[in-house]
Amino acid sequence: MTTHTTPPDHEDGFGEEGELLSCGRRLVDVWASAERREDDPHRASCPSCRRAVDDFERLESAVRGLRDDTDRADVDTASLTRRVMDVVRGELRPGRPLPLGRATEDLWVMEAVAARALRAAAEGVPGVRAGSCRFRGGAAGAPPVVRLEVHAPAHQHLPTVAERIRHAVQGAADRVLGLPLGGVDIVIADIVGGPTEAEGRS
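Counting starts from 1 at the beginning of each chain's written sequence and moves along it residue by residue. Two thresholds apply to this predicted model, a pLDDT of at least 70 for residue-level local features and 80 or more for giving and counting side-chain atom pairs, whereas whole-chain, interface and lining totals are computed over all residues. Here the side-chain values reflect all heavy atoms present in the structure, with hydrogen atoms and water set aside.

Caption draft 1: Broad picture of the overall build of the protein. Helix and strand counts for the protein come out as eight helices and five strands. Segments assigned H or I by DSSP are reported as helices when at least four residues long, segments assigned E as strands when at least two residues long, and all are numbered from the N terminus. Starting at the N terminus and ending at the C terminus, the protein contains elements arranged as α-α-α-α-α-β-β-α-β-β-α-β-α. When a residue's accessible area, from a 1.4 Å probe over protein chains only, is under 20% of the maximum for its type it is buried; when over 50% it is exposed; and in between it is partly exposed. Buried positions account for 37% of the 202 residues belonging to the protein. Counting only contacts in the protein whose residues sit at least 6 apart along the sequence, the fraction spanning at least 24 positions is 59%. Per element, the accessible surface of the protein, about 11,500 Å² overall, is 51% carbon and sulfur. Here, residues are in contact when the closest pair of their heavy atoms is within 4.5 Å. A 1.4 Å probe and the Shrake-Rupley method give the accessible areas. Residues count as covered only by the protein chains that appear here.

Shown next as structure tokens:
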């Protein structure tokens, strides 16, 4: 009989490396250093790091350009850029393994995979856009707590929206992943959009 005692290869940092460049540096670290405008002789001379930074800058530029494509005055370009880049960074960093199922089962899911499923569930709530999804705790057999940042629809009762998101996320964790959760913290990072169609007719 196996139990959820130690994540597989946890001692070796399994799931913490993220994508490695050919020079051996982590992509997320190179991006973070470039974003902070740090003086880094290695990054300046390394072809792999320079390509990674160029990709990062092109991605940020493309995200900022979404405002022009949407042709909507209510799009907050800076907020949208932060949201997309947070999700991209999360996808690049697989995170640690989280235990699935009962304590007697030796099943695991990477944080990035679980976060992707939970963000999708949150966006099933009308008008909601999901951003950063983080897990905390979960050690010594205790279920982890999810912290999910969302953009909520305008002109709706925020506590009600938050409760709908929480219900959707908990349902996905249970039915889709089989991941026990110790709680779901919803952080409303922004309010987007205008009145719903029904409100516009009233």
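After that view, the rundown keeps rolling.
Caption draft 2: Broad picture of the pattern of salt bridges. Put simply, a salt bridge is a Lys or Arg side-chain nitrogen that is within 4 Å of an Asp or Glu carboxyl oxygen. Per the stated rule, a full pass over the model turns up seven salt bridges. Ionic pairing is found between aspartate 40 and arginine 25, a salt bridge with its closest N-O pair at 2.5 Å. In this pair, aspartate 40 is assigned in the loop between helix H1 (27-35) and helix H2 (41-45) and arginine 25 in the segment before H1, connecting sequence segments 15 residues apart. Residue classification places arginine 25 among the partly exposed positions, given a relative accessible area of 32%.

Caption draft 3: Structural context of the sheet that holds strand E5 (residues 183-192). Any two strands with at least two DSSP bridges between them are considered paired. As summarised here, the arrangement of the three strands in space is E3-E4-E5, forming an open sheet in which the pairing is mixed. Bordering the open sheet on either side are strand E3 (129-136) and E5, each of which pairs with just one other strand. Averaged over all neighbouring strand pairs, the angle between strand axes comes to 20°, with direction disregarded. Bridge count between E3 and strand E4 (residues 145-153): six bridges; the pairing is antiparallel. Among the inter-strand pairings, alanine 130 is bridged to a residue of E4, identified as valine 150. Together, E3 and E4 form the strand contacts of helix H6 (residues 111-122), whose direction differs from that of E3 by roughly 140°. Here an angle of 0 to 180 degrees is reported between the N-to-C directions of two axes, which are lines fitted to C-alpha atoms, with helices fitted over the stretch in contact.

Caption draft 4: Focus on unusual backbone geometry. At arginine 37, a residue that is not glycine, the phi angle is positive and equals roughly 60°. For arginine 37, a relative accessible area of 69% corresponds to the exposed category. Phi at histidine 155 takes a positive value of approximately 65°, unusual for a residue other than glycine. Counting through the fold element by element, histidine 155 comes out in the loop between E4 and helix H7 (158-177). A residue is classified by how much of its surface remains accessible, and histidine 155, at 54% relative accessible area, is exposed.

Caption draft 5: Molecular detail of the confidence of the model for the protein. Mean pLDDT over the protein works out to 77, with 66% of the residues at or above the 70 mark. Mean pLDDT across the elements of the protein bottoms out in helix H8 (residues 197-201) (43) and peaks in H7 (95). Note on scores: pLDDT gives the predictor's confidence for each residue, bounded by 0 and 100. Overall, residues 10-17 carries pLDDT values under 50, and its contacts beyond four positions in sequence, including any with other chains, amount to 16 contacts. Note that residues 195-202 has pLDDT below 50 and, in this model, three contacts with residues that lie over four places away or in other chains.

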